[in-house]
Structures are given as structure tokens and as C-alpha cells.
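This is what each chain is made of:
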Amino acid sequence: MGKRKKTPSKSSQPSSIKSQAMTDANALKLTRCHTEEYDSQLQQKVDAVKALIPQAKDAAWEVHASPKTAFRLRCNFQVWHEAEGEKLHYVMYDGDNEKRTPLRVVDFPRGCAETQRLMPLVLDALRGDDVLRDKCHEVRFHTTLRGSSVVVLVYNRPIDNDKNWKTKAEKLAKELKVVLVGRSSKFRITLNGDAPRVREKLRIAGKDVNLYQLEGEFSQPNGRVCEKMVTWAVERTQSSKNDLLELYCGNGNFTIPMSRNFRKVLATEVSKANTECARENLTANQVKNVQFARLNAKETADALQPDARPFKRLTEAAVDLSSLKLETLFVDPPRAGLEPAAIGLARSFDTVVYVSCNPETLADDVEQLSHTHDITHAAVFDQFPYTRHCEAGVLLKKRSGVDLSTVPEPRAREKKKSKRYAGKRKGKGKGGGQAKKGKVEEAASGGDSGCAV
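Residues numbered from 1 in each chain as written. Predicted model: local features only at pLDDT ≥ 70, side-chain atom pairs only at ≥ 80, totals over all residues. Heavy atoms only, no water.

Undergrad: An account of the sheet that holds strand E3 (residues 74-81) is requested, with residue identities and associated values reported.
TA: Across the sheet, which stays open at both edges, the eight strands sit in the order E1-E5-E4-E3-E6-E7-E8-E9 with mixed pairing between neighbours. Two strands bound the open sheet, and with one partner strand each, they are strand E1 (20-21) and strand E9 (187-191). Here four bridges tie E3 to strand E4 (residues 88-92), and the two strands are oriented antiparallel to one another. Within E4, the position partnered with Gln78 by the bridge is Val91. Along the sheet, helix H3 (residues 113-127) makes contact with E3, E4, strand E6 (136-142) and strand E7 (150-155), crossing E4 at roughly 135°. Strands E7, strand E8 (179-184) and E9 of the sheet are contacted by helix H5 (residues 163-176), whose axis makes an angle of about 45° with E9. (Pairing = 2+ DSSP bridges. Helix = DSSP H or I, 4+ residues; strand = E, 2+ residues; numbered from the N terminus. Contact = heavy atoms within 4.5 Å. Axes fitted to C-alpha atoms, helices over the stretch in contact; angles between N-to-C directions.)

Undergrad: An account of the sheet that holds strand E12 (residues 243-247) is needed here, citing residue identities and associated values.
TA: Read across the sheet, eight strands follow the order E2-E17-E18-E16-E15-E12-E13-E14 without closing on themselves; strand pairing throughout is mixed. In this open sheet, the two strands that pair with only one neighbour each are strand E2 (60-64) and strand E14 (290-293). Adjacent strand axes in the sheet meet at a mean angle of 15°, parallel and antiparallel pairs treated alike. Pairing of strand E15 (residues 326-331) with strand E16 (residues 351-356), which is carried by four bridges, proceeds in the parallel orientation. Following the sheet pairing, Phe330 is matched in E16 by Val353.

Undergrad: Go over the pairing of E3, please, and point to the residues and values.
TA: Of all eight residues making up E3, seven are buried, and the element is well covered by its neighbours. Across five bridges, E3 lies against E6 in antiparallel orientation. Its bridge partner lying in E6, Cys75 is registered against Phe141. (Buried < 20%, exposed > 50% of the residue type's maximum accessible area, 1.4 Å probe, protein only.)

Undergrad: Pulling in residues and values, what's your account of the pairing of E16?
TA: In terms of residue burial, E16 counts as a mostly covered element, since six of its six residues are buried. The alternating pattern of E16 places Thr351, Val353 and Val355 on one face and Val352, Tyr354 and Ser356 on the opposite face, and all of these are buried. Handedness of the crossover is the feature at issue here: the chain leaves E15, passes through helix H11 (residues 340-346), returns alongside E16, and the resulting connection is right-handed. (Right-handed = clockwise from strand over helix to strand, strands pointing away.)

Undergrad: Pulling in residues and values, what's your account of unusual backbone geometry?
TA: Despite not being glycine, Arg100 has its phi angle at roughly 55°, a positive value. Residue placement: Arg100 occurs in the loop between E4 and strand E5 (103-104). A residue is classified by how much of its surface remains accessible, and Arg100, at 16% relative accessible area, is buried. In the Ramachandran plot, Gln286 falls in the positive-phi region, its phi being about 55° despite a non-glycine side chain.

Undergrad: With reference to specific residues and values, describe the side chain of Asp94.
TA: Summarising the element assignment, Asp94 is placed in the loop between E4 and E5. Polar side-chain contacts of Asp94 include one of 3.0 Å to the backbone nitrogen of Asp96. In this structure, Asp94 is in contact with Asn26, Lys29, Leu30 and Leu103, ignoring residues within four places of it in sequence. (Polar contact = N/O pair within 3.5 Å; in protein donor to acceptor, adjacent residues only side chain to side chain.)

Undergrad: Give me the lowdown on the packing of aromatic side chains, citing residues and values where you can.
TA: Inspection of the entire model under this criterion finds nine aromatic pairs. Their ring planes at 80° and their centres at 6.3 Å tell us that Tyr90 and Phe141 sit as a pair that is edge-to-face. In this pair, Tyr90 is assigned in strand E4 and Phe141 in strand E6, connecting sequence segments 51 residues apart. When its relative accessible area of 1% is taken as the criterion, Phe141 is described as buried. Their ring planes at 35° and their centres at 4.7 Å tell us that Phe254 and Phe330 sit as a pair that is tilted. Linking Phe254 in the loop between E12 and helix H7 (255-258) with Phe330 in strand E15, this pair joins segments that are 76 residues apart in sequence. For the pair formed by Phe254 and Phe330, the shared burial category is buried. An aromatic cluster is built from Phe77, Tyr90, Phe108 and Phe141, whose rings are joined through pairwise contacts. The lysine or arginine in question, Arg100, covers the ring of Tyr93, its NZ or CZ lying 5.6 Å from the ring centre. Between the NZ or CZ atom of Arg197 and the centre of the ring of Tyr212, over which it lies, the distance is 3.7 Å. (Phe/Tyr/Trp six-rings, centres within 6.5 Å; stacked < 30°, edge-to-face > 60°. Lys NZ or Arg CZ within 6 Å of the ring centre and 35° of its normal.)

Undergrad: Just give me the short version of the confidence of the model for the protein, but keep the residues and values in it.
TA: Per-residue confidence for the protein averages 89 on the pLDDT scale, and 87% of its residues sit at or above 70. Segment residues 1-11 is flagged for pLDDT under 50; beyond a separation of four residues in sequence, or across chains, it makes four contacts in the model. Across residues 418-453 the pLDDT falls below 50, and counting only partners more than four positions away or on other chains, this stretch makes 105 contacts in the model. (pLDDT = per-residue confidence, 0-100.)

Written out as C-alpha cells, the structure is:
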């Protein structure tokens, strides 16, 4: 008697929901570069940011545009299985569509040239191989301006003991000339590379900066605008004389270029992976005047109090706070903005450089800092063309003679549910992401760190 053919599990069968081709309206919103409208859209963002921050009406403003096409370095797409082989598609969703119809992505001109090269090659590989295709529900691309690339395949099945998958995935990685990362529940494997990361080279204020960026950790998605943002921060602090404190430092994207303007730098970050990566980036750039410590913003503020308790992580990082003359604070916080402890800390600094991915929370924080500081410079950075999102920066200088005892206490911001996650269905799938029918992909519309104004 012959072997009975195994019936595919329900989760591996093609979806009964059919994807649809994008309409012109969908494509304009999600994928296309309508370059003829770019300048007017950017001006609308600038006007909106200026309206949010009246305290900057007398500041020196700068506007930093993005390339109009091929600007995005990080993109995620859900993989939609309707049938075997050719009926496999990248899809995205229109967040305003209540039916949550999966929309097929044929091309993605907002992605950089390397992303556009890789997208069809990866899709063809999945279509042509049962093992690579089986329960692959998402593909992520992380590319660079002048460095390497990572492709991430996310699965709703275990791959940790699948030697056949590993052999085929390793072959694909070499053919594509990328680092390939496979993800499934509580498992990650890196193929054709020493670690799940890319190596980027940014040109900042006339000098090259080499940075490792970790897969799965935050990095700026628009490389050209990132260069402009960091250059702006470097140029605004050129006259500094003493030391810099940075909160939320990530992988050292701002820290390392800004260090050239300071005697010493202390940079803090809560993510263990990013803290370790930042230290590697110090070595890669031969920077000697920076120390990284794994602390959150409140812990950093507490550590700087006169009667502060000892902090083990400062001791482990050999940080001697008494040797620092901290006069400048740099912050690039999450969307939620600065917490009350960080606001209180910022009020004590002579100079504050604040870069924000959310102009609304920036405006709220600026209002709280206006009791002690004035804005002298401001800028808009168009990280996310063809969306409502942008980034903004302000340089604040402390007024002389301010009595901090008369200033209102920093207030906690009311927590609001992010619109990005509104409407997502409950329940997560494997591989660190939402299940097939619950995943909202906003990569092309500024989803991961874009900020509405």
C-alpha cells in the first residue's frame, strides 16, 4: 500500500480571501512617487509644523527635502498565498479601508534601487520553491546608501531544525549577495553574514561615518534625509566647548558624528542590543571621547541628581559623572516625546538640540521648555515623502537668570492609542509579527516611525 498523501495544515493552505490589484488611488497613497506634487506637499508639512510651534516664529528655519524617488531603505511586505506558484504576491493595506483588502504590490518606486532589485528576485524564489515558500508570511528589506543589505524571511512554522530550508536559504542569500535572516517563533538565524545587520556609510558634514545597523532595531529609513538631519545637528553644535549628554542614542547615529564638537560625550540607551552595537560603531570610527551606558531617560536624570544612588550600569561602563561638564543635551525620542523626568533634566541645560519624529509631541515638549528656553533654530526634514509624516528639529538656548524653583513641574502626557495600531485584530502569529489576516503593513506610508502633522 502506498503512502497516504499528507494533507496541508489549515494555516499552510492558500487563503480564501483574494488579493486585489491596486487602484490608481491606492497606488498614489501607498507606492507611487507623484513627483509633480512633491514640492506643494512638502510646503504643506512645513506650514503645519510652523503652526504647531509658535515659539519658533523668530527662529532661523531650514527645510530639508528628500529625493523624490527611490528614497526608502527599509520596507516590509506581507506575503499573500492564494494558490501555489504564481498566485503568491507581496501585499499592502490601505489603512482607511475597513474591509482590509490585501492589495498586490507589483513594484515599489519609493524603495531604493537595491530594494527594487531584490523584490522580484525574492518573490520569484518563493514562488519557485516549496520549502522556501511554505508558510512564509512576510518579507522585510533593510538596505543602505553605500553598504550591505539584509533580507528577512518570516515564517509561521518552525525553521530551526529544517536543514533543507537552511540549505536553500543559504544558496539564495549567496545568489542575491545579501545577508539573509530567517525568523520563526522565538528563533532567528543569520545566513551569509557574521551577524543580522547591515553596514552603512553616511556622509556627515564633510566626513564619512561608518555605522552598523541591526536587523529588527530602529534605524532611519530615508538615508539621504538622515544625512541632512545629522549634519544639521552637527552644524548647530559647532561652537560647543564642553560636554554632551544624549538620551535615546540608539546605535550612535547622531552620537558619533556629533562627538567631534565636544570634549566628552555620555550617551544612554535602554536597548541592550543597540548599546552593544553603538560601542562597535565607536570602534569602527576610531572615536575615543564617547561612553555609552544602558539607561533609560528617567534613570539618566536620576543618576545626575546631586544625591543620586550608585548605578551599576554606569559603574560597569566606567562612567565618572564627576569628570563631565555637561552643557548640551541632545534628544531624539520615540513618538511619545519626552517623559517628565527628561523635561526636568532638559530645563537644566544651557543648550538643547531636539530632533523629533512627531511634531505634535515636539510642540507639547517645546511648550514645557519655553519656561526656561528660547528656540533659535528650527528645521523640517522630509523623511516620508507622499505621506502626512515628517520629522522636525529645534535648537533651544536657556535664558539667563531663570529661577527653576518658579517653573511649573513637568507634566505627564496623556497616553493615546496610536492610530497606526487602531483596528489591528487581536492575536499574533508566529515569527514575531501579526497573523496573516491581522497584519497591517504601512512600510510605504511612513508606518514604522513616520509622524503625522
